[in-house]
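Here is what each chain is made of, one letter per residue.
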Amino acid sequence: MIKGRIHSTESFGTVDGPGVRFVVFFQGCPLRCKYCHNPDTWDFSGGREVTADELMKEYDSYKEFLRSGGITATGGEPLAQPEFLTELFRLAKSKGVHTCLDTSAGCYDPDSHSKIDEALKYTDLVMLDIKHIDDAAHKQLTGHTNRNILAFAEHIRELGIPVWIRHVVVPGITDDRDELFRLGEYIATLKNIKALDVLPYHDMAKSKYEQLGILYPLPDTPPLTKEQAIAAREIILEGIRSALHKHE
């Protein structure tokens with residue numbers, strides 16, 4: 001029986017896909033985003049081992065409240081445990097439960113993705129974080145290239161899996177007008193897009209970093225206001241509209 005390593009679960013998630021969701025936080029992540037608010041999910045040896053059956057039993061205990069939602073795999077990085085993700089989503093789909101994958105796709109390899117493809121067979125919706133559209137800036141922000149992440153976006157486009165794009169706007173890092181516009185132009189190529197979430201950076205995880213003995217990477221970066229996030233979203237939408245207009 002396949003066991004997975006998870007950090008925790010949340011019974012009534014309201015920001016992790018459509019409706020009210022049962023959220024499973026997978027343990028382990030290859031990225032080191034400077035604004036990460038879950039540094040306790042980084043370590044692949046942390047968390048606890050569970051089976052998909054155990055998680056679905058937990059889901060079943062709340063299912064009366066989750067009928068408009070489903071189950072969301074987040075993290076950490078669920079694609080780092082593709083066999084376990086497949087088992088969990090396969091079991092969920094056998095019970096008629098909507099499945100959502102919340103990923104930054106840092107584990108995706110365009111040349112070797114059969115295990116991930118197996119999980120995608122049982123995935124109803126992908127919430128994909130695009131951290132930065134510029135590759136060099138993405139490396140500075142996360143420690144990794146964005147090429148495999150964009151390749152994953154294009155892969156699920158070809159598979160026809162609906163996607164919500166998420167982008168965190170961080171002052172001085174991901175709030176440049178030209179880069180936001182470019183991100184919009186790129187998003188316009190994703191014909192499977194169903195939503196765009198532009199999220200304001202916050203520093204509420206500072207205490208977590210202190211407890212873990214990790215230096216907080218952005219000590220002097222102020223939180224973004226809701227108004228600034230709305231303005232950034234409008235620039236991304238301008239980029240989307242511009243790109244679509246060119247191809248009319």
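Residues numbered from 1 in each chain as written. Predicted model: local features only at pLDDT ≥ 70, side-chain atom pairs only at ≥ 80, totals over all residues. Heavy atoms only, no water.

Caption draft 1: Geometry of the nonpolar core. Core analysis: the largest hydrophobic core is formed by 55 residues, its most contacted members being Ile-71, Leu-88, Val-126, Leu-128 and Phe-152. Each residue touching Leu-128, except ones within four places of it in the same chain, is listed here: Thr-103, Ser-104, Ala-105, Ile-149, Phe-152, Ala-153, Val-163, Trp-164, Ile-165 and Arg-166. Core analysis: the second largest hydrophobic core is formed by 14 residues, Tyr-201, Ala-205, Tyr-209 and Leu-218 among them. (Core = buried A, V, L, I, M, F, W, Y, C linked by side-chain atoms within 4.5 Å. Buried < 20%, exposed > 50% of the residue type's maximum accessible area, 1.4 Å probe, protein only. Contact = heavy atoms within 4.5 Å.)

Caption draft 2: Expanded view of unusual backbone geometry. A cis amide bond links Gly-75 to the next residue, Gly-76, at an omega of 15°. Relative to the helices and strands, Gly-76 is located in the loop between strand S4 (70–74) and helix H2 (82–94). The backbone of Ala-105 sits at a positive phi, close to 60°, despite the residue not being glycine. The residue Ala-105 is located in the loop between strand S5 (99–103) and helix H3 (114–120) in this model. (Helix = DSSP H or I, 4+ residues; strand = E, 2+ residues; numbered from the N terminus.)

Caption draft 3: Layout of the pattern of salt bridges. The final tally for this structure, using the stated rule, is 19 salt bridges. A salt bridge links Asp-135 to Arg-147, with the shortest nitrogen-to-oxygen separation between them at 3.6 Å. Here Arg-147 lies in helix H5 (residues 147–159) and Asp-135 lies in helix H4 (residues 135–142), a separation of 12 residues in the sequence. Classification of Asp-135 by relative accessible area gives buried; the value is 16%. Of the charged contacts in the structure, one is a salt bridge between Arg-166 and Asp-197, with a shortest N-O distance of 3.8 Å. In this pair, Arg-166 is assigned in strand S7 (residues 163–169) and Asp-197 in strand S8 (residues 193–200), connecting sequence segments 31 residues apart. One network of salt bridges, with partners in common, ties together Asp-102, Arg-166 and Asp-197. (Salt bridge = Lys/Arg side-chain N within 4 Å of Asp/Glu carboxyl O.)

Caption draft 4: How the structure looks around H2. The first and last C-alpha atoms of H2 sit 18 Å apart over 13 residues, in line with the 18 Å expected at 1.5 Å per residue. Along H2, the residues classified as buried are Pro-82, Phe-84, Leu-85, Thr-86, Leu-88, Phe-89, Leu-91 and Ala-92. Positive phi shows up at Gly-96, right after H2, with a value of about 75°. (Expected span 1.5 Å × (residues − 1).)

Caption draft 5: Looking closely at the packing of aromatic side chains. Using the criterion set out here, one finds 8 aromatic pairs in the structure. Ring geometry for Phe-12 versus Phe-65: centroids 5.7 Å apart, planes at 85°, classification edge-to-face. Of this pair, Phe-12 sits in strand S1 (residues 3–13) while Phe-65 is found in the loop between helix H1 (52–60) and S4, placing the two residues 53 residues apart along the sequence. Geometrically, the ring pair formed by Tyr-108 and Phe-152 is edge-to-face, given 5.3 Å between the ring centres and 65° between the ring planes. One end of the pair, Tyr-108, is in the loop between S5 and H3; the other, Phe-152, is in helix H5, with 44 residues separating them in the sequence. The rings of Phe-12, Phe-22, Tyr-59, Tyr-62 and Phe-65 are connected pair by pair, giving a single aromatic cluster. (Phe/Tyr/Trp six-rings, centres within 6.5 Å; stacked < 30°, edge-to-face > 60°.)

Caption draft 6: Spotlight on the environment of Ala-153. As for its placement among the helices and strands, Ala-153 is situated in helix H5. Through-space distance from the C-alpha of Ala-153 to that of Glu-185 is 14 Å; in sequence the pair is 32 residues apart. Look past the residues within four positions of Ala-153 in its chain and what remains in contact with it is Leu-128, Tyr-186 and Leu-190.

Caption draft 7: Structural detail: the pairing of strand S6 (residues 125–129). Of all 5 residues that make up S6, 5 are buried, and the element is covered over most of its length. Of the strand pairs in this sheet, S5 and S6 are connected by 4 bridges, and their pairing is parallel. Its bridge partner lying in S6, Leu-101 is registered against Val-126. With H3 bridging S5 and the parallel S6, this β-α-β connection has right-handed handedness. Examined bridge by bridge, S6 and S7 share 4 bridges and lie parallel to one another. Directly across from Leu-128, in S7, lies its bridge partner Ile-165. (Pairing = 2+ DSSP bridges. Right-handed = clockwise from strand over helix to strand, strands pointing away.)

Caption draft 8: Expanded view of the pairing of strand S2 (residues 21–26). Of all 6 residues that make up S2, 6 are buried, and the element is covered over most of its length. Taking every second residue as pointing to the same face, both faces of S2 are buried, with Arg-21, Val-23 and Phe-25 on one and Phe-22, Val-24 and Phe-26 on the other. The pairing of S1 with S2 spans 5 bridges and is antiparallel. Bridging from a neighbouring strand, Glu-10 pairs with Val-23 of S2. Sheet topology places S2 next to S4; 5 bridges connect them, and they run parallel. Bridged to Val-24 within S4 is Ala-73.

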